[in-house]
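# Fold and geometry: a report
Residue-level listing of the chains:
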Amino acid sequence: MNFEYTDEQHQLRKSVREFTEREILPHVMEWDEVSRFPLETIKELGRLGLLGTIFPPELGGAGMGYIEYVIAIEELSRIDGSVGIIVAAHTSLCSNHIFLAGTEEQKKKYIPKLATGEFIGAWGLTEPGSGSDAGSARMTAVRKGDNWVLNGTKTFCTNGHYADVAVVIAVTDKTAHTHGLSAFLVDKDTKGFRPGKKENKLGLRASDTAELIFEDCVIPAENLLGKEGDGFIDAMRVLDGGRISIAALSLGMAQGAYESALKYSKQRKQFGKAISEFQAIQWKLADMATEIDAARLLTMRAASLKDNGKKSTQESSMAKLYASEVAVRCANEGVQIHGGYGFIKDYPAEKFYRDVKLCTIGEGTSEIQRLVIARQLLKD
Ligand SMILES: Cc1cc2nc3c(=O)[nH]c(=O)nc-3n(C[C@H](O)[C@H](O)[C@H](O)COP(=O)(O)OP(=O)(O)OC[C@H]3O[C@@H](n4cnc5c(N)ncnc54)[C@H](O)[C@@H]3O)c2cc1C
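Residues numbered from 1 in each chain as written. Predicted model: local features only at pLDDT ≥ 70, side-chain atom pairs only at ≥ 80, totals over all residues. Heavy atoms only, no water.

Another aspect to go through is the site of the ligand. By nearness alone, 19 residues border the ligand, and T126, S132, F156, T365 and E367 come closest of all. In this structure, L125 approaches the ligand through a main-chain N or O atom, which is 2.8 Å from an oxygen atom. Here an oxygen atom of the ligand sits 2.8 Å away from a polar atom, N or O, in the side chain of E367. The protein chains hide 64% of the 980 Å² of surface that the ligand would expose on its own. Among the secondary structure elements, those contributing two or more residues to the shell around the ligand are β1 (121–124), β3 (147–158) and α11 (366–379). In terms of residues, the shell around the ligand owes the most to one element, β3, which gives three residues. Among the residues making up the shell around the ligand, the classes are represented as seven nonpolar, nine polar and three charged. (Near = heavy atom within 4 Å. Polar contact = N/O pair within 3.5 Å; in protein donor to acceptor, adjacent residues only side chain to side chain. Areas by Shrake-Rupley, 256 points an atom, 1.4 Å probe, with all protein chains shown as cover. Helix = DSSP H or I, 4+ residues; strand = E, 2+ residues; numbered from the N terminus. Nonpolar A, V, L, I, M, F, W, Y, C, P; charged D, E, K, R; others polar.)

Right, dumping it as structure tokens:
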């Protein structure tokens, strides 16, 4: 067992941190206030290789692994969770579904563009009537000659309005339940496909969350992604990796909330001393630091399993469940340590408090993570 990062991993963390503090930090509150999607910054992350961390160089990726991917998402989210979720949905949902299930042609056509930021990707599993129960999706795909015809609506799709390509799951055989779902690639500007409502959100406001609407949308037969009927199974495999990215998103925001609370507690004086000298504040800081460390270890274990080609369903869910709940607790204590100043927008505490809540919901709620973990525990 090795708990040390390599020199390259330290260097990656340092360079992402320098980038986020220089290029993202000055704009965070403005982007949040007006819900501005930071397209240029995302494109720049693509040029830096941070949209293709987990893909091989021959497909335009950085040829790194999930440990490095976690480091990158954590560092982006330490400054802005919106950037973290944009990169996470793009990479481990859209691009990775193509990487895991795509044909060689599909991979060559899409991954290099997605990995370098030429394309932005979205992934649509959720529908208005099917969230946790993703297997009950209603959107349909009907084979007509050399084409598929898509009809239905996906909801809450991260990057939806900015996506050059979307991976969506639709029913191809309604008698076969989860074995009747298939995945499809839909290019922007395909007739019959358009992004719909842009959600106005509590947090992660600079990320885009959109409906994707399909009305007699005709796509060629070769846009089927993976085998017909394997869409749900492949989506679950995709989520094994995706949940590691939500754990990393949680970790980054928890770390940001903790660091700002630590700094503030040393500056703020009450009763003639820094509030960090009160034991009540020290215990909060100690709990935050300990839980963040534990969450990081769980997340890195899941990442390491992925990097070694091992199944990580249980470990990814444990990391996602624990890290997201830690992030919510840390953001809450972060506001508390700031007192009234935690409630106003001059300090980052309130934004972390709003942003972290998504982590216990997206890519499977905490309740669903417990269900996934319990199912694995009871299997043997
Ligand atoms: C900002 C944001 C970004 C998102 N990005 C994407 C994306 O890019 N692509 C995508 O496909 N989806 C995305 N989602 C959707 C997200 O994954 C779903 O919101 C989530 O899976 C929960 O589904 P739901 O909202 O329909 O809640 P529901 O499933 O309706 O759940 C409501 C409540 O019931 C509980 N519940 C449901 N079933 C059970 C059960 N069996 N046992 C116990 N409790 C249960 C849930 O835990 C929750 O507390 C995003 C959502 C948000 C808010």
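Next comes the rest of the account.
For the rest of this paragraph, the subject is the pairing of β3. Pairing analysis gives five bridges linking strand β2 (residues 140–144) to β3, with the strands arranged antiparallel. Residue pairing across strands places A141 opposite L150, the latter belonging to β3. From the end of β2 to the start of β3, which pair antiparallel, there are two residues, and G145 there has a positive phi angle of about 60°. Note that β3 and strand β7 (residues 209–220) share nine bridges and pair antiparallel. Each bridged residue has a counterpart across the sheet, and for K154 the counterpart in β7 is L212. (Pairing = 2+ DSSP bridges.)

Turning our attention to the environment of F232. Within the secondary structure, F232 is located in helix α7 (residues 231–267). Placed 107 residues apart in sequence, F232 and L125 show a C-alpha to C-alpha distance of 8.9 Å. Those residues in contact with F232 that sit more than four places away from it in its chain are A134, G135, T178 and L181. (Contact = heavy atoms within 4.5 Å.)

Let's shift gears to the pattern of salt bridges. This model, assessed by the stated rule, comprises 27 salt bridges. Here E74 and R13 are joined by a salt bridge, their closest N and O atoms 3.5 Å apart. One end of the pair, E74, is in helix α4 (residues 66–79); the other, R13, is in helix α1 (residues 7–24), with 61 residues separating them in the sequence. Like E74, the residue R13 is buried in the burial classification. Where K198 meets D208, a salt bridge forms, and the shortest distance between an N and an O atom there is 3.8 Å. Linking K198 in strand β6 (residues 193–198) with D208 in the loop between β6 and β7, this pair joins segments that are 10 residues apart in sequence. (Salt bridge = Lys/Arg side-chain N within 4 Å of Asp/Glu carboxyl O. Buried < 20%, exposed > 50% of the residue type's maximum accessible area, 1.4 Å probe, protein only.)

This paragraph deals with the packing of aromatic side chains. Under the criterion given, the structure shown has nine aromatic pairs. A ring pair is formed by F55 and F99, whose centres lie 5.2 Å apart and whose planes are at 65°; its orientation type is edge-to-face. Of this pair, F55 sits in the loop between α3 (39–47) and α4 while F99 sits in helix α5 (residues 81–101), placing them 44 residues apart in sequence. Between the aromatic rings of Y66 and Y69, the centroid separation amounts to 5.8 Å while the plane-to-plane angle is 90°, which identifies the pairing as edge-to-face. A residue pair is termed a helical-turn pair when its members lie 3 or 4 positions apart in one helix, as Y66 and Y69 do in helix α4 at three residues. (Phe/Tyr/Trp six-rings, centres within 6.5 Å; stacked < 30°, edge-to-face > 60°.)

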